[in-house]
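Results of the structural survey
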Amino acid sequence: MDQLCPSPMKATSNGIFQGDNPLDFALPLAILQICLVLIVTRGLAFLLRPLRQPRVIAEIIGGVLLGPSALGRNKGYLNAVFPPKSITVLDTFANIGLLFFLFLAGLELDVKSLRQSGKKVLAIAVAGISLPFALGIGTSFILRETINKGVNATSFLVFMGVALSITAFPVLARILAELKLLTTDVGRMAMSAAAVNDVAAWILLALAIALSGDNLSPVVSLWVFLCGCGFVVGASLIVPPIFKWISRHCHEGEPVGELYICGTLAAVLAAGFVTDIIGIHAMFGAFVIGVLLPKEGPFAGVLVEKVEDLVSGLFLPLYFVSSGLKTNVATIQGIQSWGLLVLVILTACFGKIVGTFIVSLLWRIPKNEALALGFLMNSKGLVELIVLNIGKDRKVLNDQTFAIMVMMALFTTFITTPLVLAVYKPAKMLSKGDYKHRRIERKNPNTQLRILTCFCSSRNIPSLINLLEASRGTERGERLSVYAMHLMEFSERRQASAILMVHKARHNGLPFWNKGQRSANQVVVAFEAFQQLSQVSVRPMTSISSLSDMHEDICITAEKKNIAMIILPYHKNLRLDGSFESTRPDFHLVNRRVLEHASCSVGIFVDRGLGGTAQISASNVSFSITVLFFGGHDDREALAYGARMAEHPGVELTVILFLEESDSSEEIVRIDTEGTPAATLVSADEEFLAAFRTSISDDSSIKYEEKNVRNVSETITILRDYSRCSLFLVGRMPNGVVPLALRQKIDCPELGPIGGLLTSPEFATTASVLVVQQYYDNLYANSSQQMVVD
């Protein structure tokens with residue numbers, strides 16, 4: 001007897017006023033489904049954020065809740081919002097999203113980096129595949145005898161092996177970023193091993209699909225697999241030359257032609273079409289194109305920017321709902337079913353954790369790191385759901401087995417974060433007594449100065465290097481030591497790129513020439529050239545974290561490396577008309593949090609093109625630097641930094657001491673921001689200035705001037721006379737009546753009153769500004785907390 005099929009849906013309705021129910025038409029129903037999915041999954045992601053869970057957990061749970069396991073128990077809701085006749089449209093949208101997501105995953109998977117992973121990572125990856133795969137085969141026999149009878153034994157065996165041996169590296173990247181482990185040895189090994197694991201899993205999955213067709217003839221399965229191999233070989237010969245030609249015609253900083261973008265997306269769809277014809281899922285074709293596309297040049301990055309938001313934010317959540325509609329937890333009932341669920345979970349966890357742990361110990365990895373690696377490799381996610389959905393569609397997995405496997409994937413991913421936290425703590429701040437040079441002002445100015453300089457892009461690198469060149473002092477003292485930290489934002493929308501980011505950061509804190517290979521990265525090349533030309537020790541570092549906790553990476557690194565000053569970039573960029581525009585306003589929160597939490601001095605560098613757009617050699621340096629001294633800890637730190645800069649033969653330093661003429665009433669209320677009486681501060685300032693004047697008595701490159709001022713307008717008039725200098729050095733929170741008056745007009749609290757004035761549109765100057773905050777034990781915390789209110 002033929003089964004009745006639901007009638008096809010028309011695309012659009014005429015509206016409720018003409019008697020149509022919009023939910024009976026494909027487009028309005030799809031819009032409702034998409035909006036509902038986004039609201040539920042994003043809401044769950046917000047609720048799970050305190051538990052530090054990756055977003056995929058919220059999306060899996062959201063899909064299950066919207067399906068027959070929870071809300072779908074109400075048949076009225078299920079037939080109205082997700083009727084059977086709409087599932088084809090929903091699945092089509094979901095699979096298009098999956099197609100392009102796998103293309104992005106392949107695009108961001110660097111095969112060259114995987115080759116360089118080393119024997120240790122390869123051994124961990126093999127252990128993380130082989131033991132779970134073997135246990136999966138054993139579990140498949142039990143499931144076939146109990147709840148999954150009558151399926152093809154070979155295909156079911158392979159599907160179960162792949163399902164238990166998979167590690168989802170996009171999900172793993174999110175977990176590592178949340179735990180601040182992404183650039184550690186544990187994080188690097190976990191990500192590299194997971195990438196190798198996934199490549200092997202895709203190959204095994206292709207084999208499983210070839211074996212799972214309706215035609216049980218082994219000849220057909222062999223033809224499918226051979227044609228798949230032929231597709232990979234053919235694509236390897238055709239795709240790279242074409243896209244290398246396209247990449248050569250795309251230049252950094254220039255828009256990429258629309259024809260190239262459209263052609264690439266069409267090639268992805270065409271590859272998916274070919275693999276679907278062969279009998280392998282269309283996603284394999286998209287994945288292969290992504291892997292083969294060259295990673296050099298701006299083209300790959302532009303593709304990611306164009307495609308990722310739409311795919312990851314809109315289409316991909318539909319895939320989780322599509323999976324959720326096939327998952328009915330109610331099918332897991334009775335002692336036997338729940339016992340099988342526990343068996344599958346224990347088998348999956350045992351295989352991954354024990355296999356990885358034993359091999360890690362054989363490679364002499366510490367026990368806590370080896371155990372953390374095992375827990376990390378046990379995370380599943382989207383890749384697991386892909387395997388299960390293909391198995392369900394191919395009728396290899398029935399409803400009950402599918403539900404058990406989805407619950408296993410959800411459980412193993414959910415427990416990853418708490419288990420890793422239990423055995424392997426992220427980096428902690430060191431004790432405050434570990435080093436003494438936490439500021440530039442010190443008794444012996446010839447001791448080594450350690451600076452941590454941070455940057456977000458290559459835009460300000462020349463100015464930053466010129467600032468460091470002027471800071472190197474003289475050869476009679478110890479060398480300047482610089483740690484250059486690239487601040488890279490890690491967000492949900494860039495999960496798949498994490499493997500590339502990890503490989504770029506794998507030599508965190510090591511000399512540039514450590515591997516004997518010059519990097520093509522223009523930032524690294526610039527710092528490498530500076531190091532070789534200037535007698536300055538420069539070490540590269542990378543911070544990969546979300547903006548909400550990027551300040552932790554900066555502060556912990558400063559503590560570990562015994563840094564005296566952190567130099568941060570100003571969050572606004574200079575426009576051609578001389579004003580500043582805020583391209584990434586959220587970065588200013590990073591600066592404010594560093595000012596609050598850093599256990600050393602901090603400088604914020606407002607760049608107006610110090611030294612021009614190119615790096616200046618030491619012999620050609622010619623900077624005029626002006627220090628504005630009102631009084632207080634920060635101003636003393638700024639002057640101490642200026643004095644060190646003045647040792648450079650190409651630097652001329654001008655120090656301006658502002659002497660305030662005020663009436664007695666003003667003098668009575670005059671206190672510093674830390675609550676220290678003005679008399680104490682004046683004594684410390686006078687002592688510091690007296691020592692400074694003595695030290696520069698024979699130095700013609702340093703000018704010392706005193707200016708009497710009574711109000712803000714007189715101060716601004718004096719500042720305009722020095723607006724043609726190269727760099728202003730100012731304290732963040734200077735002492736005095738004039739700075740106190742200027743504080744009422746502060747737009748950027750992290751710059752302080754004088755720094756805010758020098759960067760305001762009303763003050764015309766081409767000089768860069770370095771705003772300095774001195775580390776002063778616990779006294780400064782109070783003022784910082786008053787200024788830094790998130």
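A brief structural summary. No experiment lies behind these values; they were computed from the predicted model shown.

1. Description of the overall build of the protein
Looking only at helices and strands, one finds 30 helices and twelve strands in the protein. Looking at the protein as a whole, 55% of its 790 residues are labelled buried. With the model as given, the accessible surface of the protein reaches about 34,300 Å², and the carbon-plus-sulfur share is 59%.

2. Quick look at the nonpolar core
With 143 residues, the main nonpolar core has Phe82, Phe103, Trp202, Leu205, Met283, Phe299 and Ile386 as its most contacted residues. Ranked by residues supplied to this core, first place goes to helix 9 (residues 185-211) with 15 residues. Apart from residues lying up to four places away in sequence, Phe103 is in contact with Thr264, Val268, Ala286, Phe287, Ile289, Gly290, Leu293 and Leu303. Among the nonpolar cores identified, the runner-up in size contains 49 residues, and Phe580, Ile604, Phe658 and Val771 belong to it.

3. What about the packing of helix 1 (residues 26-48) against helix 13 (residues 299-326)?
Where helix 1 contacts helix 13, the axes come no closer than 9 Å and their chain directions differ by 85 degrees. By the angle between their directions, the pair helix 1 and helix 13 is classed as roughly perpendicular. Within the contact between the two elements, helix 1 uses Ile34, Val37, Leu38, Thr41 and Arg42 and helix 13 uses Gly313, Leu314, Pro317, Leu318 and Val321. Of the residues assigned to the contact of helix 1 with helix 13, the class counts are seven nonpolar, two polar and one charged.

4. Focus on the packing of aromatic side chains
Within this structure, the stated rule accounts for seven aromatic pairs. Ring geometry for Phe93 against Phe315: centres 5.9 Å apart, planes inclined by 20 degrees, an arrangement best described as stacked. Of the two residues, Phe93 sits in helix 4 (residues 87-107) while Phe315 sits in helix 13, which places them 222 residues apart along the sequence. Taken together, Trp202, Phe284 and Phe287 form an aromatic cluster joined through their ring pairs. Taking NZ or CZ as reference, Lys392 lies 6.0 Å from the ring centre of Phe402, over its face.

5. Topic: the pairing of strand 3 (residues 537-545)
For strand 3, the buried fraction is high: eight of the nine residues fall into the buried class. Of the strand pairs in this sheet, strand 2 (residues 481-489) and strand 3 are connected by nine bridges, and their pairing is parallel. Across the sheet, Met488 pairs through a bridge with Ile544, a residue of strand 3.

6. As for helix 27 (residues 712-721)
Taken together, the buried positions of helix 27 are occupied by Val712, Thr715, Ile716, Ile718 and Leu719. The buried residues of helix 27 all sit within an arc of 160 degrees when viewed along its axis, so they share a single face. Buried residues belonging to helix 27 abut strand 8 (623-629), strand 9 (651-660), strand 10 (702-709), strand 11 (727-731), helix 28 (737-742) and helix 29 (752-758).

Criteria and thresholds
- Residues numbered from 1 in each chain as written.
- Predicted model: local features only at pLDDT ≥ 70, side-chain atom pairs only at ≥ 80, totals over all residues.
- Heavy atoms only, no water.
- Helix = DSSP H or I, 4+ residues; strand = E, 2+ residues; numbered from the N terminus.
- Buried < 20%, exposed > 50% of the residue type's maximum accessible area, 1.4 Å probe, protein only.
- Areas by Shrake-Rupley, 256 points an atom, 1.4 Å probe, with all protein chains shown as cover.
- Core = buried A, V, L, I, M, F, W, Y, C linked by side-chain atoms within 4.5 Å.
- Contact = heavy atoms within 4.5 Å.
- Axes fitted to C-alpha atoms, helices over the stretch in contact; angles between N-to-C directions.
- Parallel < 35°, antiparallel > 145°, perpendicular 65-115°, else oblique.
- Nonpolar A, V, L, I, M, F, W, Y, C, P; charged D, E, K, R; others polar.
- Phe/Tyr/Trp six-rings, centres within 6.5 Å; stacked < 30°, edge-to-face > 60°.
- Lys NZ or Arg CZ within 6 Å of the ring centre and 35° of its normal.
- Pairing = 2+ DSSP bridges.
- Arc of directions from axis to C-beta.

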